[in-house]
Amino acid sequence: MPGLWSLLLLWGLAAPCWGLLETVGTLARIDKDELGKAIQNSLVGGPILQNVLGTVTATNQGLLGSGGLLGGGGLLSHGGVFSVVEGLSGLKIEELTLPQVSLKLLPGFGVQPPGGPPAAGGRGERVVAGGTGCERAGHAHPHPQALQHAPGPHQRVLGLCPVVDSVLGVVNELLGAVLGLVPLGALGSVEFSLATLPLISNQYIELDINPIVKSVAGDVIDFPKPRSPIKVPPKDDHTSQVLVPLYLFSTVFGLLQANGALNIDITSELVPSNVPLTTTDLAALVPEALGKLPPGKLLLLSLRVTQAPTVTLQSKKATVSIAADIHVLSYPPKGTPEALFKLNGVVTLNAHLAPSATRLHLALSLERLRVTLASSFAHTFDASRLEEWLSSVVRVAYVPKLNVDLDVGIPLPKVLNVNFANAALEIIENAVVLTVAS
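Residues numbered from 1 in each chain as written. Predicted model: local features only at pLDDT ≥ 70, side-chain atom pairs only at ≥ 80, totals over all residues. Heavy atoms only, no water.

**Side note on helix α6 (residues 246-258)**
Compared with an ideal rise of 1.5 Å per residue, which puts 13 residues at 18 Å, α6 spans 18 Å between its outermost C-alpha atoms and is within 8% of the ideal. The buried fraction of α6 is high, at 11 of 13 residues. What α6 keeps buried is the set L246, Y247, L248, F249, T251, V252, F253, G254, L255, L256 and Q257. Positive backbone phi, approximately 75°, marks G260, located one or two places after α6. (Helix = DSSP H or I, 4+ residues; strand = E, 2+ residues; numbered from the N terminus. Expected span 1.5 Å × (residues − 1). Buried < 20%, exposed > 50% of the residue type's maximum accessible area, 1.4 Å probe, protein only.)

Shown next as structure tokens:
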């Protein structure tokens, strides 16, 4: 009786907010196979199954409840049809198999397993569980629940209404999982929420997710929005995607800068012995910068970042550009540091991306360092002669610190328990696309 198990879940839909998506939104496209697996797993392996089987005996609900399929008065109960057959023929029930949930997506309407009635109507239309006589009314809400239902007049037909309740509950629970805070350690947190109602095509559900950045104190931080829109690539069948916008990358680096995590004081203790950091080595490159300072003195490099770094995502490459003031001082072990000169520097780093189940991790490597002379307490000089030396210092002392600070990663919304740890990664203009096979 295929119609017996057919369920139609319907919610009203609204057009997605493309303006938000094009600037800051995280886009999730969840394949219908993932939704089907999530519902099936929750029915079979979670507390939903207990409700379906009527283990909540205090209310006598479910298939095993007093009015259920297997409960008192049901087909398999004492006095039921199967009970009489067993008495006459010795037939026994050895195994019961729960229904397999297989979904069909109806573009612009909702979700329908095979055998269910055709979908019709829009927001607030009635939802019918075909073949059960059990009715539900579906209403669309961006949050906190994507689906809601109200009791109908035929809840006792074969005790199958708990299945409807369970599937509705699973979809609500799974879609509601994106509504939460993702901590960023000492930097703050990112709250993901549905920006619009889900958009349904024939192969996937599309969620427009709004990331809200908050400080540790809980204050909303509004970073500048990218100007260029994101051109969303097509999705292959039987795959799920998450699109991570440039905005989230810029946000994480903006938080690092605002918290002072991008600043550093580099002394000889932070570099290996093969990296020179004394006035003797500096004199070999720009002797005019030392003035009357004798050789053999230790140096201190103080990097200060006064503006948020610039993150670029394009042409299958991710780069981070950090503008820094580099102060070079002599550093006597016992005494007051003496300023020598100040440089305007731009540190350009390659970002290597790797996804995990909940985050997109970054590892930085130095691509180049460019400096110009801002001021000198002795004589002016060509600062480009210092670039190779400074690059070696930054590579061994500054880049490792940045990678430690970036351990928080770029947060990903948790949608339908899709695991993106082994996802294929593609860098497009102003976004990163993670794709995983269903």
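The rest of the description comes next.
**Observations regarding the nonpolar core**
F249, L282 and L301 are the most contacted members of the largest nonpolar core, which totals 87 residues. In this structure L282 touches P287, L290, L299, V328, L340, F341, L386 and W389, once residues within four positions along its chain are discounted. I230, L243, I428 and V433 belong to the second-largest nonpolar core, a separate cluster that totals six residues. (Core = buried A, V, L, I, M, F, W, Y, C linked by side-chain atoms within 4.5 Å. Contact = heavy atoms within 4.5 Å.)

**Digging into the side chain of Q241**
For Q241, the location among the structural elements is in strand β11 (residues 239-245). Taking relative accessible area as the criterion, Q241 reaches 7% and is therefore assigned buried. Beyond its immediate chain neighbours, meaning those up to four positions away, Q241 contacts L27, A28, R29, P233, P234, K235, F420, V433, L434 and T435.

**Remarks on the pairing of strand β13 (residues 299-304)**
When you tally the buried positions in β13, you get five out of six residues, the bulk of the element. Relative to β13, strand β12 (residues 264-266) runs antiparallel, the two sharing three bridges. In the sheet register, D265 faces β13, and the bridge partner there is S302. (Pairing = 2+ DSSP bridges.)

**Focus on the packing of aromatic side chains**
As enumerated under the stated definition, the model contains one aromatic pair in all. Their ring planes at 75° and their centres at 5.0 Å tell us that F341 and F381 sit as a pair that is edge-to-face. With F341 in strand β16 (residues 338-355) and F381 in the loop between β17 (359-376) and α8 (387-405), this pair connects stretches of sequence that are 40 residues apart. The burial state of F341 is the same as that of F381; both residues are buried. (Phe/Tyr/Trp six-rings, centres within 6.5 Å; stacked < 30°, edge-to-face > 60°.)

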